[in-house]
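So the chains spell out like this:
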Amino acid sequence: MTDFFERYKKIKSVKIKSKKLEKPKVVVAGRSNVGKSTFVRHITGKNVRVGKRPGVTLKINEYDMGNYILVDMPGFGFMHGIDKKVQEKIKDEIVHYIEGKRDEIATAIQIIDAKSFLEIVERWDQRGEIPIDIEMFDFLNELELNPILVVNKMDKIKKTQWDEHLNKIVETLGYKPPWSQWEFVVPAILKEKKGLDEIKHKIIERVNKFKSQKTVDIDI
Ligand SMILES: Nc1nc2c(ncn2[C@@H]2O[C@H](COP(=O)(O)OP(=O)(O)OP(=O)(O)O)[C@@H](O)[C@H]2O)c(=O)[nH]1
Ligand SMILES: [Mg+2]
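Residues numbered from 1 in each chain as written. Chains lettered and ligands numbered in written order. Predicted model: local features only at pLDDT ≥ 70, side-chain atom pairs only at ≥ 80, totals over all residues. Heavy atoms only, no water.

Novice: Looking at this structure, I do not really get the pairing of strand β3 (residues 69-72). What am I missing?
Specialist: Walk down a regular strand and you will see the side chains alternate between the two sheet faces. Every second residue of β3 is oriented toward a common face, with I69 and V71 on one face and L70 and D72 on the other, all of them buried. Here strand β1 (residues 25-30) runs beside β3; their pairing, made up of four bridges, is parallel. Within β3, the residue paired with V28 across the bridge is D72. Bridge count between strand β2 (residues 61-64) and β3: four bridges; the pairing is antiparallel. Counterpart to N61 in the pairing with β3 is D72. What sits between β2 and β3 in their antiparallel hairpin is a turn of four residues, with G66 showing a positive phi close to 95 degrees. (Buried < 20%, exposed > 50% of the residue type's maximum accessible area, 1.4 Å probe, protein only. Helix = DSSP H or I, 4+ residues; strand = E, 2+ residues; numbered from the N terminus. Pairing = 2+ DSSP bridges.)

What follows is the structure, given as structure tokens:
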């Protein structure tokens, strides 16, 4: 009996140790064609496929980053040439993945296209629907993932209009301007690696915070 108990305790302690070593995940989400794979390619240094046509990434891809696992999600939302049913399936898969692995996820990065974000939001608003980008951002916040919002392709916006444009974006998401007061917003030109270091820094901060919380949870 005692022997059994001792053995059980040993097994349990091994389990706890392995849980502590588990690498947290950082998920990269966004509509199709916003530059998710461009981001993943630069941050991993791996030859991730980047495409002109939307819907290039249709699988969930995981990359070991040492301290954490980076998860490149397929794009959600309308994609030219891709069946509506497939689009719905992709969105469901993303939501299930994030919900199912919630406890392993340190944070999420949502990438948006600076220019088309506001255009698409306006179109959806007119139809009386909640734009999918906003739905995703709210979903990530509801799960308390403290998402980083990367506003990519800022090269398409005139430099003199950056502040006004970014203010409109945060307002659309329900945050008061000025945009610069919100730590989670990072303007970027990912194809030129601009904004990359800031994103990296925010990821590490969130991963470290997540790891310290995890350890405390397990010790109790
Ligand atoms: N103008 C501009 N284009 C960019 C930028 N970053 C990426 N792109 C381009 O946007 C296109 C789509 O990039 P991807 O990285 O494949 O986008 P994705 O989000 O992975 O797309 P899916 O896999 O379809 O979901 C490519 O042609 C990129 O070169 C940027 O900062 N500015
Ligand atoms: Mg991709």
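Novice: Where do I start with the packing of helix α3 (residues 84-100) against helix α5 (residues 132-142) in this structure?
Specialist: Relative orientation and spacing of two packed helices are given, respectively, by the angle between their axes and the distance between those axes. Following both chains from N to C, one finds α3 and α5 inclined at 10 degrees, their axes separated by 12 Å at the closest point. Taken together, the axes of α3 and α5 are roughly parallel relative to one another. In this structure, α3 uses K91, I94, V95, I98 and E99 to contact α5, whose residues at the interface are I132, E135, M136, F139 and L140. Within the contact of α3 with α5, the residues separate by chemical class into seven nonpolar, no polar and three charged. (Axes fitted to C-alpha atoms, helices over the stretch in contact; angles between N-to-C directions. Parallel < 35°, antiparallel > 145°, perpendicular 65-115°, else oblique. Contact = heavy atoms within 4.5 Å. Nonpolar A, V, L, I, M, F, W, Y, C, P; charged D, E, K, R; others polar.)

Novice: I'm lost on the packing of aromatic side chains in this one. Help?
Specialist: For any pair of aromatic rings, the description consists of the separation of the ring centres together with the inter-plane angle of the planes. Tallied over the full model, the rule gives five aromatic pairs. For the pair F137 and Y175, a centre-to-centre distance of 6.4 Å together with 75 degrees between the ring planes defines the contact as edge-to-face. Here Y175 lies in the loop between α6 (162-172) and β6 (185-187) and F137 lies in helix α5, a separation of 38 residues in the sequence. Classification of F137 as buried rests on a relative accessible area of 1%. On the numbers, 5.6 Å between centres and 40 degrees between planes, the contact of F137 with F184 is tilted. On the criterion of sequence distance, the pair formed by F137 in helix α5 and F184 in the loop between α6 and β6 is long-range, its members being 47 residues apart. One aromatic cluster is present, built from ring pairs that chain together F137, Y175, W182 and F184. (Phe/Tyr/Trp six-rings, centres within 6.5 Å; stacked < 30°, edge-to-face > 60°.)

Novice: So what exactly am I meant to see when it comes to α3 here?
Specialist: Every α-helix winds through 3.6 residues per turn, so residues three or four apart in the chain are directed the same way. For α3, with 17 residues, the first-to-last C-alpha span of 24 Å sits near the 24 Å given by 1.5 Å per residue. Residues of α3 that are buried include every one of Q87, I90, I94, Y97 and I98, and no others. Angularly, the buried residues of α3 cover 95 degrees about the axis, an arc narrow enough to put them on a single face. Projecting away from the buried face of α3 at angles above 90 degrees are the exposed residues K84, K85, K89, H96 and G100. In this structure, the buried side of α3 is in contact with β1, β2, β3, β4 (105-113) and α5. (Expected span 1.5 Å × (residues − 1). Arc of directions from axis to C-beta.)

It is worth stressing that arrangement in space is one thing and function is another; only the former is reported here.
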